[in-house]
Amino acid sequence: MTIRIFHASSPAATVLLAAAIDAGCFTEPDRRILLLSRTGPAPEAVADVAETAGFERLRTRFDEVFSWNDAISPFHPDGWNPRADDAPLWERHFRRAWGLGDEELELVVDSPHAGPARALTQVFAGAPVDVYAEGPGGYGPTGEKIPPLTGVRVRRLLHPDLVPGARLLLLGEYGVEQRTVPAEALTKVMGELTDVEVELPAVEAPALLLGQDLAGAGLIPAAEEAGLRLEMVRGAAALGHTRLVFAPDPYAPWEDPAPLRAEADRLGVELTVLDTARPVVADVLLHRLRPALVVGCTSAALFGAARFHGLPVAAVGTGLLLERLTPYENAERIPATLADALLPGLGDAEAVAARMPYTGAELDGLLAAVGFAMRPRVRPDLRPAAERYLSTHLDDRTWRYFKRRRLASLALPGVVPARLAFLRASPALRRVARRARALRSGRG
């Protein structure tokens with residue numbers, strides 16, 4: 001008997017897993033278990049994925065549903081990992097709590113370098129692993145080096161084709177096979193949710209403004225995020241949209257929408273703030289509202305609106321985010337880079353109107369350069385591609401994706417004069433530079 005445990009921490013992840021099952025991406029196990037987690041700074045204050053409108057239809061793909069938060073309480077799901085000596089004890093605990101017995105297990109998790117996914121792969125140390133990436137973050141490198149005994153167990157990386165032509169960097173250090181979840185399977189699952197019982201505003205062809213809890217994630221200050229939301233209202237109005245719908249992040253703390261309403265009133269446009277009793281999957285909003293424009297920052301829903309729903313989109317705040325993100329290796333850097341490089345900015349009326357289809361075929365160099373600069377120790381193999389890109393593509397536009405100090409610390413083109421380029425090719429000199437940095441920071 002084989003039991004497959006699917007871990008999900010968001011409605012979008014559950015939609016992707018349901019589509020992957022429907023598309024035959026997995027062999028038939030004897031049992032399917034959906035393991036839900038609530039993450040973030042205060043998981044007890046956010047809605048459970050099971051409360052999402054339409055969840056009961058997604059749940060039919062699984063035999064049972066369990067809560068990771070309940071299973072490890074009172075530990076925090078984001079930061080908890082079992083000590084190596086305690087892993088066998090936790091495995092016995094989970095097997096008893098979830099009725100797993102001594103059966104063979106398989107795991108399906110998101111990025112295995114952090115959060116519940118890392119803990120699961122450590123507890124069930126012998127189980128084969130499939131990984132999925134639901135959003136644009138998968139186009140970036142693995143967040144940190146994962147244990148080799150975990151990496152070699154990963155069989156595949158499943159993902160929606162958010163950026164056609166671009167190859168994901170996640171887990172590339174292990175040569176993991178990448179498999180795209182077919183778009184038709186995704187749209188079929190999305191279609192199942194379109195008539196869920198949820199009250200949405202009757203607004204014809206609005207501009208849909210997607211909220212994103214950037215401040216809650218520690219990416220930018222709350223005041224700057226509030227400014228971005230006002231910029232959404234102003235930008236949509238400047239493009240001629242008179243009916244706006246703001247959809248707050250359903251898993252973010254409640255925020256007073258009065259400043260947005262006041263700005264809409266000042267501009268003479270109608271603003272509706274979405275307020276539903278249950279969280280709603282973004283795809284339901286996109287299908288039911290059929291917006292004339294979708295505005296957001298770096299969310300997967302923004303890419304999905306263009307890719308799977310054929311809707312015009314515009315990005316806002318990507319330049320600010322690229323400037324503010326610290327440290328450089330912050331995982332949100334790749335989504336911000338992709339949104340900035342691929343999607344029209346809200347202030348560029350001509351680009352928004354053109355609705356040019358985007359492709360990632362020409363992005364490989366940029367992704368390699370940013371990915372190497374983010375995680376040189378995880379993906380040292382990307383150095384040659386990064387050097388090629390930086391030697392030929394750095395200009396006023398592309399400098400926004402890099403930091404001079406970062407390039408200098410890695411001896412990359414852009415800050416080293418051409419006549420000294422031979423220094424970059426010397427492994428010995430690079431080792432000396434790394435040693436010097438370590439001594440300077442007190443690690444030596």
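Residues numbered from 1 in each chain as written. Predicted model: local features only at pLDDT ≥ 70, side-chain atom pairs only at ≥ 80, totals over all residues. Heavy atoms only, no water.

Caption draft 1: Looking closely at the packing of helix 1 (residues 11-22) against helix 7 (residues 183-192). Across the interface, helix 1 lies against helix 7 with an axial gap of 8 Å and an inter-helix angle of 120°. The angle between helix 1 and helix 7 places the two elements in the oblique class. Remark: the crossing between helix 1 and helix 7 carries right-handed chirality. For the pair formed by helix 1 and helix 7, the contact residues are Val 15, Leu 16, Ala 18, Ala 19 and Asp 22 on the first element and Ala 185, Leu 186, Lys 188, Val 189 and Glu 192 on the second. The residue inventory of the contact of helix 1 with helix 7, partitioned by class, reads 7 nonpolar, no polar and 3 charged. (Axes fitted to C-alpha atoms, helices over the stretch in contact; angles between N-to-C directions. Helix = DSSP H or I, 4+ residues; strand = E, 2+ residues; numbered from the N terminus. Parallel < 35°, antiparallel > 145°, perpendicular 65-115°, else oblique. Left-handed = near helix turned anticlockwise from the far one by under 90°. Contact = heavy atoms within 4.5 Å. Nonpolar A, V, L, I, M, F, W, Y, C, P; charged D, E, K, R; others polar.)

Caption draft 2: Representation of the pairing of strand 9 (residues 243-247) within the structure. Burial of strand 9 is extensive: 4 of the 5 residues sit out of reach of the surface. Inspection of the sheet shows strand 8 (residues 207-210) paired to strand 9 by 4 bridges, in the parallel sense. Looking at the pairing, Leu 209 lines up with Phe 246 of strand 9. Where the polypeptide runs from strand 8 across helix 8 (residues 222-238) and back to strand 9, its parallel neighbour, the crossover connection is right-handed. Between strand 9 and its parallel partner strand 10 (residues 270-273), the chain crosses via helix 9 (residues 258-267), and the hand of that crossover is right-handed. (Buried < 20%, exposed > 50% of the residue type's maximum accessible area, 1.4 Å probe, protein only. Pairing = 2+ DSSP bridges. Right-handed = clockwise from strand over helix to strand, strands pointing away.)

Caption draft 3: Molecular detail of the sheet that holds strand 11 (residues 293-296). Pairing within the open sheet is parallel, and its 5 strands lie in the order 10-9-8-11-12. Two strands in the sheet have a free side with no partner beyond their single neighbour: strand 10 and strand 12 (313-315). Between one strand and the next, the sheet's axes are offset by a mean angle of 20°, whatever the strand orientation. Sheet analysis places strand 9 next to strand 10, joined by 4 bridges and oriented parallel. Residue pairing across strands places Leu 244 opposite Leu 271, the latter belonging to strand 10. Where helix 8 meets the sheet, its contacts fall on strand 8, strand 9 and strand 11, and the angle it forms with strand 8 comes to roughly 165°.

Caption draft 4: Region of interest: unusual backbone geometry. Put simply, Ser 73 and Pro 74 share a cis peptide bond, and its omega is 15°. In this fold, Pro 74 is placed in the loop between helix 3 (68-72) and helix 4 (87-97). Residue Pro 327 follows Thr 326 across a cis peptide bond; omega there is -10°. Mapped onto the elements, Pro 327 comes out in the loop between helix 12 (318-324) and helix 13 (333-342). A positive phi angle is found at Arg 290, which is not glycine, with a value near 45°. Tracing the backbone through its elements, the reader meets Arg 290 in the loop between helix 10 (282-289) and strand 11. Taking relative accessible area as the criterion, Arg 290 reaches 41% and is therefore assigned partly exposed. Residue Ala 411 is not a glycine yet carries a positive backbone phi of 55°. Turning to its location among the elements, Ala 411 is positioned in the loop between helix 17 (404-409) and helix 18 (427-440). In this structure Ala 411 comes out as buried when scored by relative accessible area, which is 18%.

Caption draft 5: The sheet that holds strand 6 (residues 154-160), seen in detail. Strand order in the open sheet formed by 7 strands is 3-2-1-4-5-6-7, and the pairing between neighbours is parallel. With one partner strand each, in any of the chains shown, strand 3 (64-67) and strand 7 (177-181) form the two edges of the open sheet. Here the strands of the sheet are splayed against their neighbours by 25° on average, with no regard to which way each runs. Inspection of the sheet shows strand 2 (residues 31-36) paired to strand 3 by 4 bridges, in the parallel sense. Each bridged residue has a counterpart across the sheet, and for Ile 33 the counterpart in strand 3 is Glu 64. Of the strands in this sheet, strand 1 (2-8), strand 2, strand 4 (104-109) and strand 5 (129-132) are in contact with helix 5 (residues 115-123), which crosses strand 4 at around 160°.

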